[in-house]
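Reading the structure
Residue strings, one per chain:
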Amino acid sequence: MPLSVTARITSDMSEPRLRLRYSPTSPFVRKVMVFAHETGLIDRIELLPTDVWHPETDVRRDTPLGKVPALIMPDGLVVAESTLICDTLDHLHTGPRLFPEGEGRVAALRWLALGDGILTACVTRIIEGRYRAADAQQAWWLDRQITSIQATLDVLEAEADTLAAAPFSVGPLTIAVALSYLSFRYSGDAWPDTRPGLAAWHAEVQTRPSMRATEPPSA
Ligand SMILES: N[C@@H](CCC(=O)N[C@@H](CS)C(=O)NCC(=O)O)C(=O)O
């Protein structure tokens, strides 16, 4: 796998600070953090630890949506949604764009959507299991999430060689975070056992400094 898109470190401590509403276990936050490392912007970002589930959380002071990640710009404007935050960051560095232009753009965006889809299904599954009383849980709804995850993993396994040959842009980056999150939350599902190509790619990208630096604490 080519290490490909290696952004120049452009961080300048004199640049205005960015602040990020942050949780160490949120995969959407991790996506933004990996992106910030890959683009050399991480040193410009001040992390604001935020527990969105705490009854007295102050997250809505910055974002009415009550979710992390949320990026607070130097002028006070707040950008929500991990993909939009990544896109915003991509315009703040001078290295190669992680949202590719021209060739490879659609493939990258498609992988981005597949990675985000795995993450959304995972988070839905967790919330259903964690916050809904056992007798009120909807088995069909949980099964639907699991089916979406498994089907997406099968598609990605079939594309493992293409993924391995592609730059580590926003698409592969999001898939890497999604696969790590699956292993983090659902190690019992053992997704790598039946997807050797994807597992090999994931093992390699996990060694990137951006991935190592953003590993979540133990589940
Ligand atoms: N689509 C959003 C999803 C963000 C998200 O769901 N974050 C979770 C933490 S992993 C959250 O803050 N949930 C609180 C809530 O749903 O109220 C993104 O890409 O940023």
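Residues numbered from 1 in each chain as written. Predicted model: local features only at pLDDT ≥ 70, side-chain atom pairs only at ≥ 80, totals over all residues. Heavy atoms only, no water.

Details of the environment of Trp141
Relative to the helices and strands, Trp141 resides in helix H4 (residues 139–158). On the accessibility criterion, Trp141 (31% relative accessible area) is partly exposed. Counting along the chain gives 17 residues from Trp141 to Thr124, while the straight-line C-alpha distance between them is 9.2 Å. If sequence neighbours within four positions are ignored, Trp141 has contacts with Thr124 and Glu128. (Helix = DSSP H or I, 4+ residues; strand = E, 2+ residues; numbered from the N terminus. Buried < 20%, exposed > 50% of the residue type's maximum accessible area, 1.4 Å probe, protein only. Contact = heavy atoms within 4.5 Å.)

A few points about the domain arrangement of the protein
Domain boundaries assigned for the protein yield domain 1 (18–90) and domain 2 (105–209). Computed from C-alpha coordinates alone, the two centres of domain 1 and domain 2 are separated by 21 Å. Taken together, the 11 residues of domain 1 in the interface contact 17 residues of domain 2. Buried surface at the junction of domain 1 and domain 2, summed over both partners, amounts to about 1,200 Å²; 73% is from carbon and sulfur atoms. Asp116 is the salt-bridge partner of Lys31, the closest N and O atoms lying 2.9 Å from each other. Counting every contact that joins domain 1 to domain 2 gives three residue pairs in polar contact (both at pLDDT 80 or more). If you tally residues by element for the side of domain 1 that touches domain 2, the top one is helix H1 (residues 27–38), at seven residues. Of the residues assigned to the side of domain 1 that touches domain 2, the class counts are five nonpolar, three polar and three charged. (Domains from an automatic or database assignment. Buried area = accessible area lost by both parts, 1.4 Å probe. Salt bridge = Lys/Arg side-chain N within 4 Å of Asp/Glu carboxyl O. Polar contact = N/O pair within 3.5 Å; in protein donor to acceptor, adjacent residues only side chain to side chain. Nonpolar A, V, L, I, M, F, W, Y, C, P; charged D, E, K, R; others polar.)

Some points on the site of the ligand
Taken together, Ser26, Pro27, Phe28, Val52, Trp53, Gly66, Lys67, Val68, Pro69, Glu81 and Ser82 are the residues near the ligand. Interatomic distance of 2.8 Å between a backbone N/O atom of Val68 and a nitrogen atom of the ligand. Here a nitrogen atom of the ligand and a side-chain polar atom of Glu81 are 2.9 Å apart. Relative to its unbound accessible surface of 510 Å², the ligand loses 81% to contact with the protein. The pocket occupied by the ligand, as judged from atoms lying within 2 Å of grid points, is the largest pocket. Here the residues of the shell around the ligand are counted per class, giving six nonpolar, three polar and two charged. (Near = heavy atom within 4 Å. Areas by Shrake-Rupley, 256 points an atom, 1.4 Å probe, with all protein chains shown as cover. 1 Å grid on protein atoms, 1.4 Å probe; cavity = no way out; pocket = protein on both sides within 12 Å on 5 of 7 lines; lining within 4 Å. Sits in = over half its atoms within 2 Å of the grid points.)

Points about unusual backbone geometry
For the bond running from Val68 to Pro69, omega is 5°, close enough to zero to count as cis. Within the secondary structure, Pro69 sits in the loop between strand E2 (45–49) and strand E3 (70–72).

Considerations on the nonpolar core
Grouped together as the largest cluster of nonpolar side chains are 52 residues, with contacts concentrated most on Leu89 and Trp201. Every element with two or more residues in this core is listed here: strand E1 (18–22), H1, helix H2 (82–90), helix H3 (105–131), H4, helix H6 (170–185) and helix H7 (196–205). Domain assignment of the residues forming this core places at least three in each of domain 1 (18–90) and domain 2 (105–209). (Core = buried A, V, L, I, M, F, W, Y, C linked by side-chain atoms within 4.5 Å.)

A few points about the packing of H3 against H6
In the contact formed by H3 and H6, the axes pass within 7 Å of each other and the chain directions differ by 25°. Put simply, H3 runs roughly parallel to H6. When you trace H3 past H6, the crossing you get is left-handed. Within the contact between the two elements, H3 uses Ala108, Trp111, Leu112, Gly115, Asp116, Ile118, Leu119, Cys122, Val123, Ile126 and Arg130 and H6 uses Val170, Gly171, Pro172, Thr174, Ile175, Val177, Ala178, Tyr181, Leu182 and Arg185. Among the residues forming the contact of H3 with H6, the class breakdown is 15 nonpolar, three polar and three charged. (Axes fitted to C-alpha atoms, helices over the stretch in contact; angles between N-to-C directions. Parallel < 35°, antiparallel > 145°, perpendicular 65-115°, else oblique. Left-handed = near helix turned anticlockwise from the far one by under 90°.)

Some words on the pattern of salt bridges
The tally for this structure, following the rule as stated, stands at nine salt bridges. Between Arg208 and Glu38 there is a salt bridge; the shortest N-O distance is 2.9 Å. In this pair, Arg208 is assigned in the loop between H7 and helix H8 (209–212) and Glu38 in helix H1, connecting sequence segments 170 residues apart. Glu38 matches Arg208 in its accessibility class, with the two residues each being buried. In this structure, Asp154 and Arg195 form a salt bridge, with 2.9 Å as the shortest nitrogen-oxygen distance. Placement of Asp154 in helix H4 and of Arg195 in the loop between H6 and H7 is noted, with a sequence separation of 41 residues between them.

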